[in-house]
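Here are the chains, one letter per residue:
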Amino acid sequence: MTLDKTNPQKFSLTTPLYYVNDVPHIGSGYTTMIADVIARFERLKGKSVLLITGTDEHGQKIERTAQEKGVTPQEHCDRIVTRFDELWDKLNIKYDRFSRTTAPRHEAIVKEFYQRVWEQGDIYLAQQQGWYCVACEEFKEKRELLENGCCPLHPNKQAEWRDEENYFFRLSQYQEKLEDLYQKNPGFLEPESRRNEILNFIKGGLQDFSISRINVEWGFPIPNDPKHTIYVWFDALLGYITALLEPEQEATLDNALSQWWPINLHLIGKDILRFHAVYWPAMLMSARVSLPQRIFSHGFLTKDGQKMSKSLGNTLNPFDLIERYGSDAIRYYFLKEIDCGRDGDFNETRFVNVLNADLANDLGNLLNRTLGMIKKYCQGEGPQITGENLPLEHPLKAIGLDLSERIIHSYETLRFNQGCEEILALIRASNKFIDEQAPWSLFKQGQQAQVEGILYAVLESVRLSAYLLSPIIPNLSSRIYEQLGFLVDFNQADQVNQIVPFKQHTQWGILAANRVLPNPQPVFAKLELPAEETS
Ligand SMILES: Nc1ncnc2c1ncn2[C@@H]1O[C@H](COP(=O)(O)OP(=O)(O)OP(=O)(O)O)[C@@H](O)[C@H]1O
Ligand SMILES: [Zn+2]
């Protein structure tokens with residue numbers, strides 16, 4: 001099975017639809033930050049982008065949580081959803097669609113989809129027996145559980161025995177088709193370790209899975225048997241399709257699939273890998289819907305080696321962090337310090353050190369210092385030189401000339417940490433260059449042309465770095481560009497490509513001679529740990 005081609009001018013991507021059993025934490029923020037960075041990068045390239053996020057609101061876990069709080073499930077969901085929205089705003093995330101699975105139009109899509117799968121003969125009624133982790137909303141094999149009867153992701157939540165009539169989806173019918181999908185499309189699921197894991201899982205034999213619940217009221221009724229509600233995952237995955245509808249469009253599958261499908265990228269954490277990499281493609285095949293282009297599963301943010309999760313309560317409050325350090329700092333840390341396919345820990349001292357070293361000192365100070373020297377040595381005007389005047393073997397030009405190509409590749413392969421390191425290499429080389437060349441001495445010796453050449457090369461390297469980092473640190477990049485005499489806000493994603501075009505601004509050496517530069521202002525203030533952390 002080969003995948004359908006997508007429109008090269010468009011890019012659609014999704015975060016998971018987060019479960020609203022509790023307020024968002026830094027883990028939910030992590031996936032959404034990555035998605036936002038990719039969306040911004042694709043926009044910078046000039047594509048039309050649709051970034052979908054949202055919430056998954058049905059199921060037993062929500063029903064119980066609402067009960068515990070003494071509110072209706074809908075009231076509970078509405079409360080939590082505002083917290084997600086607030087967090088996305090504070091993290092400077094610019095999404096296009098927020099898909100809620102309790103929306104009436106979603107119900108229409110789920111019913112139509114269910115009907116297609118039913119007509120395909122892929123749904124039947126049978127008895128379901130097994131261990132159920134409510135926190136995962138998933139049946140588990142006995143051998144998957146810990147000794148205390150809990151699932152490894154939720155070591156404080158007992159799996160519960162279930163013996164009930166459910167509707168099943170014939171996943172077993174799709175074994176060969178899924179194997180074929182993975183064999184023919186190595187890029188369908190990344191990173192490779194996850195692909196191998198899933199391929200082994202498929203080869204091990206696929207069992208039909210139940211897609212209805214009999215004792216859960218908080219869900220959509222099964223169209224042909226309303227005693228049952230649709231299993232939360234069957235419903236939640238379809239939220240990606242509902243999100244594609246234009247606000248005024250009638251909620252039909254054809255309408256939803258007409259403009260943005262197939263999705264270019266589903267970004268998920270590895271906890272929900274099977275649902276996306278096995279169940280989802282099989283469901284789509286059954287309903288005769290083409291498949292998404294690519295799934296990328298990132299690692300976990302951990303605390304003491306355990307996945308941070310809402311159910312475990314070992315999370316970090318992102319609101320506090322943003323309040324203290326600002327969104328650029330948080331975004332930079334998580335993208336630069338964590339290899340996106342692997343697990344990563346958060347440590348606040350390390351966080352502050354990294355930010356101060358990279359953004360305050362290496363980048364911010366370099367710009368400030370260079371602008372100060374330009375004021376002093378070039379009569380306040382930009383250097384009267386351009387990139388073309390410098391030889392190819394110039395140490396900064398040599399790095400800068402093909403830097404963008406490498407950075408584009410790292411964004412496209414989600415190796416953000418590698419991309420940041422490469423950009424930092426240019427910034428560090430610039431610091432070294434200025435120290436070694438000592439323009440202050442050359443100025444005293446009357447070597448004006450040389451002084452201007454040095455300052456130009458450094459300024460241009462800072463500019464290119466800021467441009468390439470703009471999807472990650474849009475506020476800081478905007479301030480840097482302002483200091484270089486450009487009027488651009490990298491947060492106005494749809495306009496950026498017109499004001500500072502990608503093709504031009506990803507080259508080294510485009511800064512014009514004689515630019516009028518504003519007075520130097522610090523662009524990134526040093527961060528400090530709160531008092532109790534330093535003592
Ligand atoms: N510790 C984490 N590290 C990285 N991503 C996470 C983490 N926790 C949640 N996520 C993101 O959220 C998705 C799961 O969403 P969900 O709403 O179920 O959050 P959760 O905290 O894992 O919930 P719960 O603890 O109730 O299982 C993951 O696939 C991932 O995208
Ligand atoms: Zn679990």
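The structure displayed is predicted, hence computed values, not measured ones. Residue positions are given per chain, counting from 1 as you read along its sequence in written order. Written order decides the labels, with chains lettered from A and ligands numbered from 1. Reporting in this predicted model follows two pLDDT cut-offs: at least 70 for local features of residues, and 80 or more for side-chain atom pairs to be given and counted; totals over whole chains, interfaces and linings ignore these cut-offs and use all residues. Side-chain descriptors were evaluated using all non-hydrogen atoms of the structure, hydrogens and water having been removed beforehand.

## Section: the sheet that holds strand S12 (residues 221-222)
Sheets are built from strands paired through backbone hydrogen bonds, the pairs being either parallel or antiparallel.
Then comes step 1: Note on pairing: DSSP must find at least two bridges between two strands before they are called paired. The helix and strand labels rest on DSSP assignments: H or I over at least four residues marks a helix, E over at least two residues marks a strand, and numbering proceeds from the N terminus. Taken in spatial order, the three strands make up an open sheet running S11-S13-S12, and their pairing is antiparallel. Bordering the open sheet on either side are strand S11 (212-213) and S12, each of which pairs with just one other strand.
Then comes step 2: Looking at chain direction, S12 and strand S13 (residues 225-230) are connected through two bridges and run antiparallel. Within S13, the residue paired with Pro-221 across the bridge is Thr-229.

## Looking at unusual backbone geometry
Then comes step 1: Between Glu-190 and the following residue, Pro-191, the backbone shows a cis peptide bond with an omega angle of -5 degrees.
Then comes step 2: Structurally, Pro-191 is set in the loop between strand S9 (189-190) and helix H6 (192-203).
Then comes step 3: One non-glycine residue with positive phi stands out, namely Asn-92, at about 60 degrees.
Then comes step 4: Topologically, Asn-92 is positioned in the loop between helix H3 (73-90) and strand S3 (97-100).
Then comes step 5: For Ala-438, which is not a glycine, the phi torsion comes out positive at approximately 45 degrees.

## A few points about the coordination of the zinc ion (ligand 2)
Then comes step 1: Taken together, the protein donors to the zinc ion (ligand 2) comprise Cys-133 (SG), Cys-136 (SG), Cys-151 (SG) and His-154 (ND1), at separations of 2.2 to 2.4 Å.
Then comes step 2: Excluding water, the donors of a metal are its N, O and S neighbours within 2.8 Å, or within 3.2 Å for Na, K and Ca, and that exclusion means sites may look incomplete. Square planar and octahedral assignments, for four and six donors respectively, both demand that opposite donors be over 155 degrees apart and that all other angles lie between 65 and 115; tetrahedral needs four donors with all angles between 85 and 135 degrees, and anything else is irregular. Its four donor atoms give the zinc ion (ligand 2) angles of 102 to 115 degrees at the centre, a pattern that matches the tetrahedral case.
Then comes step 3: Spacing between the donor residues of the zinc ion (ligand 2) along their common chain follows C-x2-C-x14-C-x2-H. Linking Cys-133 in strand S4 (residues 123-133) with Cys-151 in strand S6 (residues 150-151), this pair joins segments that are 18 residues apart in sequence. When sorted by exposure, Cys-133 lands in the same class as Cys-151, which is buried. Each residue gets one of three labels from its accessible area relative to the maximum for its type: buried under 20%, exposed over 50%, partly exposed in between, using a 1.4 Å probe on protein chains only.

## Here's the deal with the site of ligand 1
Then comes step 1: Near ligand 1, the surroundings consist of 23 residues, among which His-25, Thr-31, Leu-301, Lys-307 and Ser-311 are the closest.
Then comes step 2: Polar contact is the term for a pair of N or O atoms within 3.5 Å; when the atoms are in protein, one must be able to donate a hydrogen and the other to accept it, and sequence-neighboring residues count only if both atoms are side-chain atoms. Contact between ligand 1 and Lys-61: an oxygen atom at 2.8 Å from a side-chain N or O atom of the residue.
Then comes step 3: With respect to ligand 1, the side chain of Ser-309 contributes an N or O atom lying 2.8 Å from an oxygen atom.
Then comes step 4: Mapped onto the shell around ligand 1, the elements with two or more residues apiece are strand S1 (10-19) and helix H1 (26-44). Proximity is defined per residue: if any heavy atom of the residue lies within 4 Å of a molecule or strand, that residue is considered near it.

## A closer look at the sheet that holds strand S8 (residues 160-169)
Then comes step 1: One open sheet holds the four strands; their spatial order is S5-S4-S8-S10, and the pairing between them is antiparallel. Strand pairing shows two members of the sheet lacking a second neighbour, strand S5 (138-140) and strand S10 (209-210), which therefore form its edges.
Then comes step 2: Pairing of S4 with S5 involves three bridges; the strand directions are antiparallel. The residue of S5 that forms the bridge with Cys-133 is Glu-138.

## A short note on the environment of Ala-35
Then comes step 1: By the secondary structure assignment, Ala-35 is in helix H1.
Then comes step 2: Here the alpha-carbon distance between Ala-35 and Glu-246, two residues 211 residues apart in the chain, equals 21 Å.
Then comes step 3: By definition in these notes, contact holds between two residues if any of their heavy atoms fall within 4.5 Å. Once you skip the residues sitting within four places of it in the chain, Ala-35 turns out to touch Leu-13, Thr-15, Leu-51 and Leu-267.

## Things to note about the packing of aromatic side chains
Then comes step 1: Two rings from Phe, Tyr or Trp (for Trp, the six-membered ring) form a pair when their centres are within 6.5 Å of each other. A pair whose planes differ by under 30 degrees is stacked, one over 60 is edge-to-face, and the rest are tilted. A full pass over the atoms with the stated rule returns 35 aromatic pairs.
Then comes step 2: Judged by centre distance (6.0 Å) and plane angle (65 degrees), the rings of Phe-113 and Phe-234 are edge-to-face. Here Phe-113, found in helix H4 (residues 104-119), pairs with Phe-234, found in helix H7 (residues 232-242); they are 121 residues apart in sequence, far enough to count as distant.
Then comes step 3: What makes Phe-113 buried here is its relative accessible area of 0%.
Then comes step 4: Ring centres of Tyr-333 and Phe-346 lie 5.4 Å apart, and the angle between their planes is 80 degrees; on these two criteria the pair is classed as edge-to-face. Of this pair, Tyr-333 sits in helix H11 (residues 327-337) while Phe-346 sits in the loop between strand S18 (344-345) and helix H12 (348-377), and the two are 13 residues apart along the sequence. An identical accessibility class is assigned to Tyr-333 and Phe-346; each is buried.
Then comes step 5: Put simply, a charge is over a ring when the Lys NZ or the Arg CZ is close to the ring centre, within 6 Å, and near the line of the ring normal, within 35 degrees. One residue, Arg-515, lies across the ring of Phe-486, its end atom 4.1 Å from the ring centre.

## Some points on the UniProt feature "domain: tRNA synthetases class I catalytic" (unreviewed entry) in the protein chain
Then comes step 1: UniProt positions are given in the numbering used here, feature names are shortened, and annotations may be inferred rather than shown by experiment. Mapped onto the present numbering, the UniProt feature "domain: tRNA synthetases class I catalytic" (unreviewed entry) falls at residues 20-130.
Then comes step 2: As a span, residues 20-130 carries 57% helix and 19% strand, and end to end its C-alpha atoms are 25 Å apart.

## Some points on the packing of helix H10 (residues 318-325) against H12
Then comes step 1: Angular values range over 0 to 180 degrees, each being the angle between N-to-C directions of two axes fitted as lines to C-alpha atoms, with helices fitted over their stretch in contact. Where H10 meets H12, the axes come as close as 13 Å, and the angle between the chain directions of the two elements is 35 degrees. At the point where H10 passes H12, the crossing takes the right-handed sense. On H12, the residues that touch Leu-321, Arg-324 and Tyr-325 of H10 are Glu-348, Phe-351 and Val-352.
Then comes step 2: Polarity classes work like this: nonpolar for Ala, Val, Leu, Ile, Met, Phe, Trp, Tyr, Cys and Pro, charged for Asp, Glu, Lys and Arg, and polar for all others, with Gly in that last group. Split into classes, the residues belonging to the contact of H10 with H12 amount to four nonpolar, no polar and two charged. Left-handed describes a crossing in which the near helix is turned anticlockwise from the far one by less than a right angle; the clockwise case is right-handed.

## Quick notes on the domain arrangement of the protein chain
Then comes step 1: Where each domain begins and ends is defined by an automated method or by a domain database. For the protein chain, the assigned domains read domain 1 (10-315) and domain 2 (348-505).
Then comes step 2: Relative to domain 2, the C-alpha centre of domain 1 lies at a distance of 41 Å.
Then comes step 3: Salt bridges, as used here, are contacts in which a Lys or Arg side-chain nitrogen is within 4 Å of a carboxyl oxygen on Asp or Glu. Linking domain 1 to domain 2 there are two salt bridges.
Then comes step 4: The closest approach of N and O atoms between Asp-494 and Arg-43, which form a salt bridge, is 3.6 Å.
Then comes step 5: Put simply, domain 1 and domain 2 have five residue pairs in polar contact (both at pLDDT 80 or more) between them.
Then comes step 6: The biggest single contributor to the side of domain 1 that touches domain 2 is H1, with seven residues.
Then comes step 7: Considering only residue class, the side of domain 1 that touches domain 2 consists of seven nonpolar, two polar and five charged.

## Focus: the environment of Cys-133
Then comes step 1: Taking relative accessible area as the criterion, Cys-133 reaches 1% and is therefore assigned buried.
Then comes step 2: In this structure, Cys-133 is in contact with Glu-138, Lys-140, Cys-151, His-154 and Ala-159, ignoring residues within four places of it in sequence.

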